[in-house]
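Overview (structure and organization)
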Amino acid sequence: MKLKKIFFLLKNLKKIKFKLNKENIIIYDGTSLRHLHYTLKDLKYFVLEDRLERINIIYFTPSVLFYILNYFNLFFRGYSLKLIYTISLIRTIDPKVVLTSIDNSINFFLISKILKNKFFLLAIQNTNRFVGTEKFQHHLDEGKIFPKNYRDLFYIPNYICFGEHVKKNLTKNKLKVDKFFTFGSLQVGNFLHHVRENNIKLDKKLFDICFISEPALSNELSNFKELIIKLLKYSIKISILNNLKFIFVNKYFENTEESKEEINFYKTNLDAEEFSFLINNKNIKQNIYSSYLGLFQSTMAIGCQSTMLLQKISCKEKILSCNMSNDKIFDFEIKGICSIFNPSYDDFQSRVKMILSINNGEYLKKLDYDPNYYLNFDENENIIDKTRGLINKNLN
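Because the structure is a prediction, the values reported are computed rather than measured. (Residues numbered from 1 in each chain as written. Predicted model: local features only at pLDDT ≥ 70, side-chain atom pairs only at ≥ 80, totals over all residues. Heavy atoms only, no water.)

To continue, consider the sheet that holds strand β13 (residues 339-341). Strand order in the open sheet made by the 5 strands is β10-β9-β11-β12-β13, with parallel pairing throughout. Since the sheet does not close on itself, it has two edges, and those belong to β10 (246-249) and β13, each with one partner. Each strand of the sheet is rotated relative to its neighbour by a mean of 20 degrees, with strand direction disregarded. Summarising the sheet, strand β12 (residues 318-323) and β13 pair through 3 bridges and their orientation is parallel. Following the sheet pairing, Cys-322 is matched in β13 by Ile-340. Sheet contacts for helix α14 (residues 307-314): β9 (207-212), β10, β11 (298-303) and β12; angle to β11, the most-contacted strand, approximately 150 degrees. (Pairing = 2+ DSSP bridges. Helix = DSSP H or I, 4+ residues; strand = E, 2+ residues; numbered from the N terminus. Axes fitted to C-alpha atoms, helices over the stretch in contact; angles between N-to-C directions. Contact = heavy atoms within 4.5 Å.)

Quick look at the structure:
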């Protein structure tokens, strides 16, 4: 662990505890909890923080010290002291299940390699990461989004993933997963549970077009910036000219620094009329369900490569994924009426009008593949119940 990180950890530290109780479930990385509130209802668990800014308690017990010494040889295999400490915490707590929804965590991969035979380690896919696809290989070669040795680091003992397509890609590319569970999207399951629990009546025709924000705030995504702005300009233009009900679903929570950056990104790249239209038709993101209220109350959704496109089409609803470049790495997985490659405005307008003019059944017939192959949506048994069943099975 670098000296700078040690100082950062000590600055945040609030307590040192000399007692650590055993628990049947460990939630790895507290940011997972935002996806797991329904899954974990009435279950007891210990939250094991992974991110330095979230660690404010250090546990120092004889058992933790024993395991640190026992696993110290991992330091010479490239494991950090923090990882060795984390492994020692898990051994001391002695859970039956270790669960995370941060399925791209390299630390989780490394811990799993050491503890795979000791506990039931389970990761839940929370977004479309394109791992094992052409897009993944492109980012791997660049070494910007994924480290170049990501393929060697990757390891998940038990993986709840979107669907068979993910399973096929990971297996084909020799990205190590011991066991797959193709349950679908937990976020969609959470949203639908929230709707039922709160007696919310969805109006499927409240909006004609839902535009999904994909702001390119990182310098590494400079090329993508031009694509998303071009698509947004097209979407605003068709909405104004045809008097369509438009909703802009922003990515970040209201009144956060990220939200301010997101809005400024669009303000900088749109003209005054376009930006005014955007702000006047912007969804207010107050909680994790706000975006899905816009998504699932629209006749169709428009975006580039957002996971929300896949989530909506898997529920047998209409979307249009637009690759506004000549680069096929931005192509949508499913071909047919749902995706379009580097369109002119006239091509875009024609496709949107066609999609709006037909019902969902006709739309689904114009796809080259069943969306549920890419993201499974089970109308008979939801993903929350399936995941709870898997956890309870391994608690017994």
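What follows is about the packing of aromatic side chains. Counted under the stated rule, the structure contains 24 aromatic pairs. Measuring from ring centre to ring centre gives 5.7 Å for Phe-72 and Phe-75, while their planes differ by 15 degrees; the resulting arrangement is stacked. Looking at Phe-72, the relative accessible area reads 34%, which means it is partly exposed. Its relative accessible area of 37% is what places Phe-75 among the partly exposed residues. The side chain of Lys-237 reaches across the aromatic face of Tyr-345, ending 4.1 Å from its centre. (Phe/Tyr/Trp six-rings, centres within 6.5 Å; stacked < 30°, edge-to-face > 60°. Buried < 20%, exposed > 50% of the residue type's maximum accessible area, 1.4 Å probe, protein only. Lys NZ or Arg CZ within 6 Å of the ring centre and 35° of its normal.)

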